[in-house]
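# Examination of the molecular architecture
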Amino acid sequence: MSWVAIARKDFLDAARSKTLWGLLVLFVGYLGIITYLSQGQDAELLQFIELTAAGFVLFVPLVSIILGYKAIVDERESGTIALLLSLPHTRREMVLGKLVGRSVVLAIPVLVGLLGASAVIAVLFDSFPVVEYLLFALLSVLLGVAFLGIAIGLSMSTTSNRRVTTGAFGAYVVLGILWQDVVNAILLLLWRFDSEPLSDPPEWATFVQLASPMESFDRVTAALFDIDIASAYTGAGAPWFAEAWVAALLLVGWVIVPLTIGYAAFSRVDL
């Protein structure tokens, strides 16, 4: 399969450029620090999970944006895309290969770091929920792949490095830091600066607030370990779309939708 060759090339390029090894050091080092901070007489596994999730929800998407935002635009600016597509690879195979190759570059350090930490925490704590921990590891990778989808989708949609850089890091800031503020600003505009919808938002606004990839990650993590994160809209009487399975589907959607939109633009452009 042509996409496999492209994925292999992307992965080997990352290994040769020391990107993979740098990410391994970062994730293993970060989780080593979290494991150390979680020790003590009153140490609990949930404390480790909460600290890890709090860091991963911002750190993993940022790494994904850095890995993905130049995936296509660099090939177009350098002119190597014409050679790549003449080997022969279709545009779809190239995009799929880029996504898979960079997903593996991200997944290896995330999984190695978490599995390495599991050997320590299995000794530190009395109980160790293996299945939930493995699902959390896969969830962390899915969060990263969601932002890879966003970054590669943006990379397909423009020929300008400056535009894709602004768009990719702007998306990270909006989705990770300003999402609730953006939704609140929309509510204020629609209700002519009446603050009542902020305290009792309509269902569609609650859905939008819960739809960010970071919020989805927190909700699934909370469901796996029964911890008190992402609880603002998920208490008693919460709507059906606040369920963890909806959050998981939304994360998958953040992979597919940006790639589909970006590819629609990319497939029509004359290279």
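Structural data are supplied above this passage.
Residues numbered from 1 in each chain as written. Predicted model: local features only at pLDDT ≥ 70, side-chain atom pairs only at ≥ 80, totals over all residues. Heavy atoms only, no water.

Looking only at helices and strands, one finds twelve helices and zero strands in the protein chain. Listing each helix as α and each strand as β along the protein chain from the N terminus yields α-α-α-α-α-α-α-α-α-α-α-α. Projected onto its principal axes, the C-alpha coordinates of the protein chain cover approximately 60 × 55 × 30 Å. For the protein chain, buried positions account for 45% of its 271 residues. A sequence separation of at least 24 residues applies to 78% of the contacts in the protein chain between residues at least 6 apart. Where the 15 positive side-chain charges of the protein chain centre and where its 22 negative ones centre are 21 Å apart. (Helix = DSSP H or I, 4+ residues; strand = E, 2+ residues; numbered from the N terminus. Buried < 20%, exposed > 50% of the residue type's maximum accessible area, 1.4 Å probe, protein only. Contact = heavy atoms within 4.5 Å. Lys, Arg positive; Asp, Glu negative; His and termini not counted. Charge placed at Lys NZ, Arg CZ, Asp CG, Glu CD.)

Moving on, we come to the nonpolar core. Core analysis: the largest hydrophobic core is formed by 69 residues, its most contacted members being F48, F56, I72, L114, I152 and F217. Looking at which element gives the most residues to this core, the answer is helix α7 (residues 130–156), with 14 residues. Discounting chain neighbours no more than four positions away, the residues touching L114 are L31, T52, F56, Y133, F136, A137 and S140. Counting residues in each nonpolar core, the second largest holds six residues, with A211, A242, V246 and L250 among its members. (Core = buried A, V, L, I, M, F, W, Y, C linked by side-chain atoms within 4.5 Å.)

Attention shifts here to the packing of aromatic side chains. What describes a pair of aromatic rings is the distance from one ring centre to the other and the angle between the planes of the rings. Under the defined criterion, the tally for this structure stands at twelve aromatic pairs. With 6.4 Å between their ring centres and 10° between their planes, F56 and F136 make a pair best called stacked. Taken as a pair, F56 in helix α3 (residues 45–68) and F136 in helix α7 lie far apart in primary sequence, 80 residues in all. Its relative accessible area of 0% is what places F56 among the buried residues. Ring centres 6.5 Å apart and planes at 65° place the aromatic pair Y263 and F266 in the edge-to-face group. Of this pair, Y263 and F266 both sit in helix α12 (residues 244–268), three residues apart, which is roughly one turn of the helix. Taken together, F27, Y30, F56, F59, F136, F217 and F225 form an aromatic cluster joined through their ring pairs. Taking NZ or CZ as reference, R91 lies 5.5 Å from the ring centre of F266, over its face. (Phe/Tyr/Trp six-rings, centres within 6.5 Å; stacked < 30°, edge-to-face > 60°. Lys NZ or Arg CZ within 6 Å of the ring centre and 35° of its normal.)

As a further point, take the side chain of E75. Along the chain, E75 falls in helix α4 (residues 73–78). We classify E75 as buried; its relative accessible area is 12%. Only 2.6 Å separates the side chain of E75 from the side chain of K98, close enough to count as a polar contact. Excluding its chain neighbours within four sequence positions, the residues that come into contact with E75 are T80, I81, L84 and K98. (Polar contact = N/O pair within 3.5 Å; in protein donor to acceptor, adjacent residues only side chain to side chain.)

This brings us to the environment of A53. Inspection of the secondary structure assignment puts A53 in helix α3. On the basis of relative accessibility, which here comes to 1%, the residue A53 falls in the buried class. Each C-alpha atom, one on A53 and one on A242, is 19 Å from the other, the two residues being 189 residues apart in sequence. Beyond its immediate stretch of four places on either side in the chain, A53 contacts F136, F217 and T221.

Another aspect to go through is helix α8 (residues 161–190). Helix length check: α8, at 30 residues, gives a terminal C-alpha distance of 35 Å against a target of 44 Å (1.5 Å per residue), a shortfall beyond 12%. Taking the largest bend as the criterion, α8 deviates by roughly 85°, centred on L178. Among all positions in α8, only N161, V164, A168, A171, Y172, L175, W179, V183, N184 and L187 are buried. The opening residue of α8, the one whose side-chain oxygen lies 3.3 Å from the backbone nitrogen of R162, is S160. (Expected span 1.5 Å × (residues − 1). Bend = angle between axes of the 7 residues up to and from the residue.)

By the secondary structure assignment, R102 is in helix α6 (residues 91–124). One polar contact links R102 to D10, side chain to side chain, over a distance of 2.5 Å. At a separation of 2.7 Å, a polar atom in the side chain of R102 contacts the main-chain carbonyl oxygen of L67. Not counting residues within four places of it along the chain, the set of residues in contact with R102 comprises D10, L67, G68, A71 and L148.

All right, on to the packing of helix α1 (residues 2–16) against helix α2 (residues 19–37) then. Between α1 and α2, whose axes approach to 4 Å, the crossing angle comes to 70°. By the angle between their axes, α1 is roughly perpendicular relative to α2. Contact with α1, carried on its side by F11, A14 and A15, involves T19, L20 and W21 of α2 and no other residues of that element. (Axes fitted to C-alpha atoms, helices over the stretch in contact; angles between N-to-C directions. Parallel < 35°, antiparallel > 145°, perpendicular 65-115°, else oblique.)

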